[in-house]
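So you can see what is in the structure, the chains are spelled out below.
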Amino acid sequence: MIIIRSRGRRRTAAALALTTALALTATACGDDGSGAAGDKGDEGSGKGEITFWDNNGGVRTDAWKEIIADFEKANPNIKVNYVGIPAASVQSKYDTAIQGGGLPDVGGVGAAMLAGITAQNALEPLDERIDGSSLKGKLNKGMVESVRAAGDGDQMFTVPTSANNGTLWYRTDMFKAAGLDAPTTWSKFYEAADKLTDKSKNQFGYTIRGGEGSIAQAIDAAYSQSGITSFWNGDKTTLNDPKNVAALEKYVGLYKKDTPSADLNNDFTKMVAQWDSGQIGMLSHNLGSYQDHVKALGTDKFRGLPSPTLEDGTRVQVSNPVDGLGLFKSSKNKAAAWKFIEFAVSHESNSKWNESAGAIPSNTDAAKDAWVQKAEATKLASEALNDGSIKIVQLPYYLPDWNTISKADNEPNFQKVLLGKMSAKDFLDTLAEQLNEAQAEWKQQNK
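Residues numbered from 1 in each chain as written. Predicted model: local features only at pLDDT ≥ 70, side-chain atom pairs only at ≥ 80, totals over all residues. Heavy atoms only, no water.

### So, the overall build of the chain
Broken down by element type, the chain carries 19 helices and 14 strands. When the backbone C-alpha atoms are referred to their principal axes, the chain occupies close to 65 × 50 × 40 Å. The burial tally for the chain puts 53% of its 447 residues in the buried class. In the chain, the share of contacts with a sequence separation of at least 24, taken over all contacts with a separation of at least 6, comes to 76%. For the chain, the accessible surface area stands at approximately 19,000 Å², while carbon and sulfur atoms represent 50% of it. Charge separation in the chain, taken as the distance between the mean sites of 49 positive and 55 negative side-chain charges, equals 2 Å. (Helix = DSSP H or I, 4+ residues; strand = E, 2+ residues; numbered from the N terminus. Buried < 20%, exposed > 50% of the residue type's maximum accessible area, 1.4 Å probe, protein only. Contact = heavy atoms within 4.5 Å. Areas by Shrake-Rupley, 256 points an atom, 1.4 Å probe, with all protein chains shown as cover. Lys, Arg positive; Asp, Glu negative; His and termini not counted. Charge placed at Lys NZ, Arg CZ, Asp CG, Glu CD.)

Right under this line is the structure:
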């Protein structure tokens, strides 16, 4: 068994080194925003300039610029300075600004990074502002629960804008040719993965994520098949429960049998491109790749479904990726910044942004719009999220170590599992040990 311990000591040393490095970086770079974490900021006049950091710059820039233009037209006394930051570097950008200054007034903050930013006292609690605004009663309850759980478990430190639910995309033309039913259950999924594979034609039933970002997908596949609905059983994670171990063993058994060998190093970009090339039957990704599929395949060769169910119809999914907008405490113009957030999550703006992304709107009025009903994958995911038929396993985003444990520390180990150099049990035991230690440390610090 391979277990890695002493995370607390490693993190303390790393944190000191990071703080020193960030301080030096901040000295060298100019302050391009409102301030650093801990600054009290000010409500301001509600007019003037604010800075907005888009946490997925480039991908959704056009949609945000359109919303900003609409906002500035409705609020001629406020100018929004847009800064697009690639998703891959936004966490480090925030960390640097938190330590050395240059935070924006408003920033895109997804659930996965919320705990780390909240723990550094950088974000303004938003419950009172929401209750006093047009957004009261208009936010999807499941998304609200997710951002509360990802923060401190109580307050809202970001206003949810969208959920990019996990989706099983499948080639309807290939399924029809093979006489297969839609992969609505896990048994049908495995049947299709096997039957659609024809290595002599370089055709595979499935593409598995083995590179960057692989852990979340592996965890999702495990819980979805095991039917376990809670990440914790007391102070211990259920991650390495025998049912999850068996589920992961079956899932990774697809590698090189019903998937391309190149999957070992594929992140989502390569995986999506590989599926769009037309030689693979199924892909597990999220709603965000819809437009890529349309460009590559048209609209009549594929469909998207929520995660497959168990035979009894139970559908389990790990917490859906919820994105949101945070108001930074250091802002010198919080009144204007909040006006922008409220506008961006209003019915019209929230619908516009999510239509461009193919994601589920957080605004419940926007979720009823015609485009949602026409976008089948988004409609099905939205209905399941809103009617409660999906049982959500809340991932511990609130743990300061979550991103490190679930990415850098264990992605190489998952590749070892795919290659048969590490068992699924040892992999999950290692991950569980690290998470149990992180949970114990977090509880001790939050007594």
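Okay, back to it.
### Regarding the sheet that holds strand β1 (residues 48-54)
Read across the sheet, six strands follow the order β2-β1-β3-β12-β4-β13 without closing on themselves; strand pairing throughout is mixed. This sheet does not close on itself; its edge strands, each paired only once, are β2 (78-84) and β13 (360-361). Here four bridges tie strand β4 (residues 159-163) to strand β12 (residues 322-327), and the two strands are oriented antiparallel to one another. Bridge pairing links valine 159 to leucine 325 in β12. Lying on the sheet, helix α14 (residues 347-357) is in contact with β4 and β13; it crosses β4 at an angle near 35°. (Pairing = 2+ DSSP bridges. Axes fitted to C-alpha atoms, helices over the stretch in contact; angles between N-to-C directions.)

### A word on the packing of aromatic side chains
Under the counting rule described, the total for this entry stands at 25 aromatic pairs. Between phenylalanine 52 and phenylalanine 340, the aromatic rings sit 5.3 Å apart at their centres with planes inclined by 55°, giving tilted as the arrangement. Taken together, the residues span a long stretch of sequence, with phenylalanine 52 in strand β1 and phenylalanine 340 in helix α13 (residues 334-344) at a distance of 288 residues. Phenylalanine 340 matches phenylalanine 52 in its accessibility class, with the two residues each being buried. For the ring pair tyrosine 398 and tryptophan 442, a centre distance of 4.6 Å and an interplane angle of 50° mean the geometry is tilted. With tyrosine 398 in the loop between β14 (390-393) and α17 (402-406) and tryptophan 442 in helix α19 (residues 424-445), the pair connects residues that are 44 residues apart, well separated along the chain. Residue classification places tyrosine 398 among the buried positions, given a relative accessible area of 16%. A network of ring pairs unites the aromatic residues Phe52, Trp64, Phe71, Tyr82, Phe340, Phe343 and Trp353 as a single cluster. (Phe/Tyr/Trp six-rings, centres within 6.5 Å; stacked < 30°, edge-to-face > 60°.)

### Some points on the sheet that holds strand β10 (residues 302-305)
Remark on secondary structure: sheet strands pair via backbone hydrogen bonds, oriented parallel or antiparallel. Spatial ordering of the open sheet is given by β6-β9-β5-β10, a layout of four strands whose pairing is mixed. Edge positions in the sheet fall to β6 (204-207) and β10, since each has one partner strand and no second. Within this sheet the neighbouring strands show an average axis-to-axis angle of 20°, counted without direction. Bridging between strand β5 (residues 166-171) and strand β9 (residues 280-286) involves five bridges; their strand directions are antiparallel. When the bridges of β9 are listed, threonine 167 appears paired with histidine 285.

### Brief notes about the confidence of the model for the chain
Mean pLDDT for the chain: 88, with 91% of residues reaching 70 or above. With pLDDT under 50 throughout, residues 1-32 is counted as low confidence; its partners more than four residues away or in other chains account for 39 contacts. (pLDDT = per-residue confidence, 0-100.)

### Topic: the pairing of β12
Here β12 lies mainly inside the structure; six of its six residues are buried. Both faces of β12 are covered, namely the face carrying Val322, Gly324 and Gly326 and the face carrying Asp323, Leu325 and Leu327. Where strand β3 (residues 106-108) and β12 come together, three bridges link them in antiparallel fashion. Considered in β12, the bridge of glycine 107 is made with glycine 326.

### Quick word on helix α11 (residues 268-276)
What α11 keeps buried is the set Met271, Val272, Gln274, Trp275 and Asp276. Among the structural elements, β5, β6, α9 (214-226), β9, α12 (290-297) and β10 are those in contact with the buried residues of α11. Put simply, aspartate 267 is the residue that caps the front of α11, since its side-chain oxygen is 3.2 Å from the backbone nitrogen of threonine 269. Residue glycine 278 follows α11 closely and has a positive phi angle near 105°. (Polar contact = N/O pair within 3.5 Å; in protein donor to acceptor, adjacent residues only side chain to side chain.)

### Some details on the domain arrangement of the chain
Domain annotation for the chain reports domain 1 (48-163 + 321-373) and domain 2 (166-320 + 392-446). Here the C-alpha centroids of domain 1 and domain 2 sit 28 Å apart. Buried surface at the junction of domain 1 and domain 2, both sides included, amounts to about 1,200 Å², of which 51% is carbon and sulfur. At the surface where domain 1 touches domain 2, the tally comes to zero salt bridges. Our count for the domain 1 to domain 2 interface comes out at one residue pair in polar contact (both at pLDDT 80 or more). Contributions of two or more residues to the side of domain 1 that touches domain 2 are made by α4 (111-119), α6 (141-150) and α14. Each residue belonging to the side of domain 1 that touches domain 2 can be placed in one class, and the counts come to 12 nonpolar, five polar and three charged. (Domains from an automatic or database assignment. Buried area = accessible area lost by both parts, 1.4 Å probe. Salt bridge = Lys/Arg side-chain N within 4 Å of Asp/Glu carboxyl O. Nonpolar A, V, L, I, M, F, W, Y, C, P; charged D, E, K, R; others polar.)

### Structural notes on unusual backbone geometry
Residues other than glycine seldom take positive phi values, yet asparagine 121 does so here, at roughly 60°. The residue asparagine 121 is located in the loop between α4 and α5 (127-131) in this model. For asparagine 202, which is not a glycine, the phi torsion comes out positive at approximately 55°. Its location among the elements puts asparagine 202 in the loop between α8 (186-195) and β6.

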